[in-house]
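Chains, contacts and geometry: an overview
One letter stands for each residue in the lines below.
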Amino acid sequence: MEFSERTIKVIIDEAKCEGCETHACVDACRTYSRGILVLKDGRPAVEGDAEEIARKGTECLACEFACWTKGNSAITIEAPVEGLDAYRKKYGTE
Ligand code: SF4
C-alpha cells in the first residue's frame with residue numbers, strides 16, 4: 001500500500017509485515033506525528049481520504065526509521081528534492 005503526504009510518498013511492502021510483532025511504524029506515527037498510520041487487521045493502514053492524509057501528514061519519516069530498526073524493513077519513503085538532479089549533474093555526484 002502507499003499514500004502521499006504533501007511532498008513525500010510512503011510505500012509499504014505489506015508482504016513484509018507478515019509476522020511483524022512490533023508494529024513499530026504505528027507507534028512511531030502516534031508518538032512523533034499525528035497518528036495517521038493505524039493498525040488494521042494486523043497491518044498498517046491509513047484512514048481518511050487522500051486529501052485528509054496529505055493535510056495531516058507531518059512528513060516526519062519516523063515510520064520508516066522505526067520499521068527499519070524495529071520492524072521488517074517494509075517501508076520506503078520517496079522524498080524528492082527539487083533541484084537535486086541538476087546539482088548532481090553540475091558536481092558530478094550521480
Ligand atoms: S513496523 Fe514495518 S514490518 Fe512492522 S507492521 Fe510496520 S511497516 Fe510492517
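Residues numbered from 1 in each chain as written. Predicted model: local features only at pLDDT ≥ 70, side-chain atom pairs only at ≥ 80, totals over all residues.

**Considering the overall build of the chain**
Counted only if it meets this: Secondary structure elements follow DSSP: runs of H or I no shorter than four residues count as helices, runs of E no shorter than two count as strands, and numbering proceeds from the N terminus. Any residue with 12 or fewer other C-beta atoms within 10 Å of its own C-beta is exposed, any with 20 or more is buried, and the rest are partly exposed; the C-beta atoms used are placed from the backbone. Contacts are defined on C-beta atoms placed from the backbone: any two residues whose C-beta positions lie within 7 Å are in contact.
Along the chain, the regular secondary structure elements total four helices and five strands. Listing each helix as α and each strand as β along the chain from the N terminus yields β-β-α-β-β-α-α-β-α. Counting the 94 residues in the chain, one finds 21% classified as buried. Long-range contacts, defined as pairs at least 24 residues apart, comprise 64% of the intrachain contacts of the chain with a sequence gap of at least 6.

**Description of the nonpolar core**
Taken as a class, soluble globular proteins show a tendency for nonpolar side chains to be buried jointly. Which entries qualify depends on this criterion: Joined through C-beta atoms within 7 Å, a set of buried Ala, Val, Leu, Ile, Met, Phe, Trp, Tyr and Cys residues constitutes a nonpolar core.
One finds Cys25, Cys29, Leu37, Cys63, Cys67 and Ile75 to be the most contacted residues of the largest nonpolar core, which totals 16 residues. Listed by contribution, the elements that provide at least two residues to this core are β2 (9–12), α1 (24–32) and α3 (62–70). When residues in this core are grouped by element, the largest group, five residues, is from α1.

**Observations regarding the environment of Thr69**
Note that Thr69 resides in helix α3. Spatially, the C-alpha atom of Thr69 lies 19 Å from that of Val38, the residues being 31 residues apart in sequence.

**Some points on the pairing of strand β3 (residues 37–40)**
Put simply, the test is: One bridge is not enough; two strands pair if DSSP finds at least two bridges between them.
Pairing geometry for β3 and strand β4 (residues 43–46), over four bridges, is antiparallel. For Leu39, the partnering residue across the bridge sits in β4 and is Pro44. Between β3 and β4, which follow one another and run antiparallel, lie two residues, and Asp41 among them has a positive phi close to 55 degrees.

**Overview of the packing of α1 against α3**
This is how the line gets drawn: In this description, a line fitted to the C-alpha atoms serves as the axis of each element, helices being fitted only across the stretch in contact, and the angle between N-to-C directions of two axes falls anywhere from 0 to 180 degrees. Each crossing gets its hand from how the near helix is turned against the far one by less than a right angle, where anticlockwise is left-handed and clockwise is right-handed. Each residue gets one of three labels, nonpolar for Ala, Val, Leu, Ile, Met, Phe, Trp, Tyr, Cys and Pro, charged for Asp, Glu, Lys and Arg, and polar for the others, Gly among them.
With their axes 8 Å apart at the nearest point, α1 and α3 run at an angle of 145 degrees to one another. The two elements α1 and α3 cross, and the hand of that crossing is right-handed. The segment α1 lies against α3, with Ala24, Cys25, Asp27, Ala28, Cys29 and Tyr32 engaging Ala62, Cys63, Ala66, Cys67 and Lys70. In the contact of α1 with α3, the residues fall into nine nonpolar, no polar and two charged.

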